[in-house]
Amino acid sequence: MTIQHPAKRGGYKRGRFERMAETASNVTGSPAFYCFCVLLIVTFVVVHLLHVPVTWLIFVGDMMAAVSLLLLALLKNTERRAEHALQRKLDAIAAVVLEQHDGGSHKAHESLREAIRMDENV
């Protein structure tokens, strides 16, 4: 386990977990995943209404908890990486504004060009 920011763990390249988290974020935003969650909730309600054995109640509850924990971990990772990319873009914009105000070099402009579409790379 690491306590580093997700965007800083492997430099600025995406690792395996980051790619998987991004894919999971895309899947969880899809209508198919929404239908899966609705089906899971309906199953939970039906299992309770049918008074099935306790083992089935526990199994369905555990499935809902597992999906919730997985979503929490993956989506939090995606959120943190997007936040980091946004902050770097804002820093680059601020540097360009300061550079234009001071009449300095065009180094900040290059940094701003690199920051564009950074959220897709981080």
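Each value, and the rule that gives it
Residues numbered from 1 in each chain as written. Predicted model: local features only at pLDDT ≥ 70, side-chain atom pairs only at ≥ 80, totals over all residues. Heavy atoms only, no water. Helix = DSSP H or I, 4+ residues; strand = E, 2+ residues; numbered from the N terminus. Expected span 1.5 Å × (residues − 1). Buried < 20%, exposed > 50% of the residue type's maximum accessible area, 1.4 Å probe, protein only. Arc of directions from axis to C-beta. Patch = residues over 30% accessible without salt bridge, like charges linked within 9 Å, V, L, I, M, F, W, Y side chains within 5 Å. Areas by Shrake-Rupley, 256 points an atom, 1.4 Å probe, with all protein chains shown as cover. Salt bridge = Lys/Arg side-chain N within 4 Å of Asp/Glu carboxyl O.

Moving on, we get to helix 2 (residues 31-49). For helix 2, built from 19 residues, the straight-helix expectation of 27 Å at 1.5 Å per residue is met to within 8% by its first-to-last C-alpha distance of 27 Å. Buried within helix 2 we find Phe 33, Leu 40 and Val 47. Seen end-on, helix 2 carries its buried residues on one side only, within an arc spanning 45 degrees. Exposed side chains of helix 2 directed beyond 90 degrees from the buried face belong to Pro 31, Tyr 34, Leu 39 and Leu 49. Of the residues one or two after helix 2, His 51 is the one with positive phi, at around 55 degrees.

Here the focus is unusual backbone geometry. Unlike most non-glycine residues, His 51 shows phi in positive territory, near 55 degrees. Tracing the backbone shows His 51 in the loop between helix 2 and helix 3 (54-102). With a relative accessible area of 70%, His 51 lands in the exposed category.

On to a nonpolar patch on the surface. Among the surface-exposed residues, Tyr 34, Val 38, Val 42, Val 46 and Leu 50 lie close enough to one another that they form a single nonpolar patch of about 470 Å² accessible area. Residue placement: Val 46 occurs in helix 2. Relative accessible area serves as the criterion here: at 38%, Val 46 is assigned to the partly exposed category.

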